[in-house]
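# Summary of structural features
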Amino acid sequence: MTMTQTPPAKLREPLAEIAACCSLPQALETMGERWSFMILRASFNGLHHFEEFLEELGIARNILSNRLTRLVESGILKRAPCVDDRRKIEYRLTDKGLDLLPTMIALRQWGEKWESGVPSNPVLVDERDRRAIQPISIRAHDGRVLTHHDLCWIDIGDLNTGAVDDDHEGVVKRIATI
């Protein structure tokens, strides 16, 4: 197969069918809206109360209420009474919500590079030595940083966890050629 030929059908995602089973549309259904990301960012910045989100984000009450409910229902935030005032409710990140941190950092870094061109402030640093974190990257199983030139799609049935097989003509779809 030459680089200009269409890859085998098993390497093309059935885009018309994936909405029900693919993880990307499911994730976008939960998080793919601006206010959800802004609430999540505010949570990573230490905001926990409805009134804090309302004041800091400048969001309408009904939209904030709706988005907080959706984030709680999806398990990204949990709703609980405040420890110091049981009459107040606070929203805290769950493990599922905390796992969105690399996504948030990657989007922020992408925006700094391609949209604003300006580093954000405050800067996210390693607590131990107060040095800025590295750009989010794709890494190989052995820790090497990969670019799109290093990546290809293969069918899960052809996944090789051992030695590299150079004879993969027709079973790979290189990202660099897309």
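Residues numbered from 1 in each chain as written. Predicted model: local features only at pLDDT ≥ 70, side-chain atom pairs only at ≥ 80, totals over all residues. Heavy atoms only, no water.

### Overview of the overall build of the chain
When helices and strands are tallied, the chain shows 6 helices and 6 strands. Each helix (α) and strand (β) of the chain, taken in turn from the N terminus, gives the series α-α-α-α-β-β-α-α-β-β-β-β. Per-residue burial over the chain gives 24% buried out of 178 residues. Within the chain, counting contacts between residues at least 6 apart in sequence, those at least 24 apart form 44% of the total. On the chain, roughly 13300 Å² of surface is accessible, and the fraction owed to carbon and sulfur atoms is 54%. (Helix = DSSP H or I, 4+ residues; strand = E, 2+ residues; numbered from the N terminus. Buried < 20%, exposed > 50% of the residue type's maximum accessible area, 1.4 Å probe, protein only. Contact = heavy atoms within 4.5 Å. Areas by Shrake-Rupley, 256 points an atom, 1.4 Å probe, with all protein chains shown as cover.)

### Let's talk about the pattern of salt bridges
Summed over all chains, the structure comprises 6 salt bridges. In this structure, the salt-bridge partner of arginine 67 is glutamate 33, at a minimum N-O distance of 2.8 Å. Here arginine 67 is found in helix 4 (residues 61-73), whereas its partner glutamate 33 is found in the loop between helix 1 (23-31) and helix 2 (34-44), with 34 residues between them in sequence. In this structure arginine 67 comes out as buried when scored by relative accessible area, which is 15%. (Salt bridge = Lys/Arg side-chain N within 4 Å of Asp/Glu carboxyl O.)

### With respect to the side chain of glutamate 90
Considering the arrangement of structural elements, one finds glutamate 90 in strand 2 (residues 89-93). Look at glutamate 90 and you get buried, because its relative accessible area is 10%. Residues within four places of glutamate 90 in sequence aside, it is in contact with His48, His49, Lys78, Arg79, Ala80, Pro81 and Cys82.

### Concerning unusual backbone geometry
Here the residue pair asparagine 121 and proline 122 is connected by a cis peptide bond, since its omega of 10 degrees sits within 30 degrees of zero. For proline 122, the position within the fold is in the loop between helix 6 (101-116) and strand 3 (138-139). Backbone geometry places arginine 130, a non-glycine residue, at a positive phi of 60 degrees. Along the chain, the position of arginine 130 falls in the loop between helix 6 and strand 3. Overall, arginine 130 belongs to the exposed group, its relative accessible area being 60%.

### Considerations on the packing of aromatic side chains
Tallying each qualifying case throughout the model produces 1 aromatic pair. Centre to centre, the rings of phenylalanine 53 and tyrosine 91 are 6.4 Å apart; their planes meet at 65 degrees, and the pair counts as edge-to-face. Placement of the pair is phenylalanine 53 in helix 3 (residues 50-57) and tyrosine 91 in strand 2, with a sequence separation of 38 residues. When its relative accessible area of 0% is taken as the criterion, phenylalanine 53 is described as buried. Given the relative accessible area of 9%, tyrosine 91 is considered buried. (Phe/Tyr/Trp six-rings, centres within 6.5 Å; stacked < 30°, edge-to-face > 60°.)

### Description of the confidence of the model for the chain
Here the chain shows a mean pLDDT of 85. Residues at 70 or above account for 81%. Element-level pLDDT for the chain is lowest in strand 6 (residues 172-174), with a mean of 70, against a maximum mean of 97 in helix 5 (residues 95-98). (pLDDT = per-residue confidence, 0-100.)

### Comments concerning the environment of proline 81
Inspection of the secondary structure assignment puts proline 81 in strand 1 (residues 77-81). Spatially, the C-alpha atoms of proline 81 and tyrosine 91 are 8.8 Å apart, while their sequence positions differ by 10 residues. Residue contacts for proline 81: discarding those within four places in its chain leaves Arg86, Lys88, Ile89 and Glu90.

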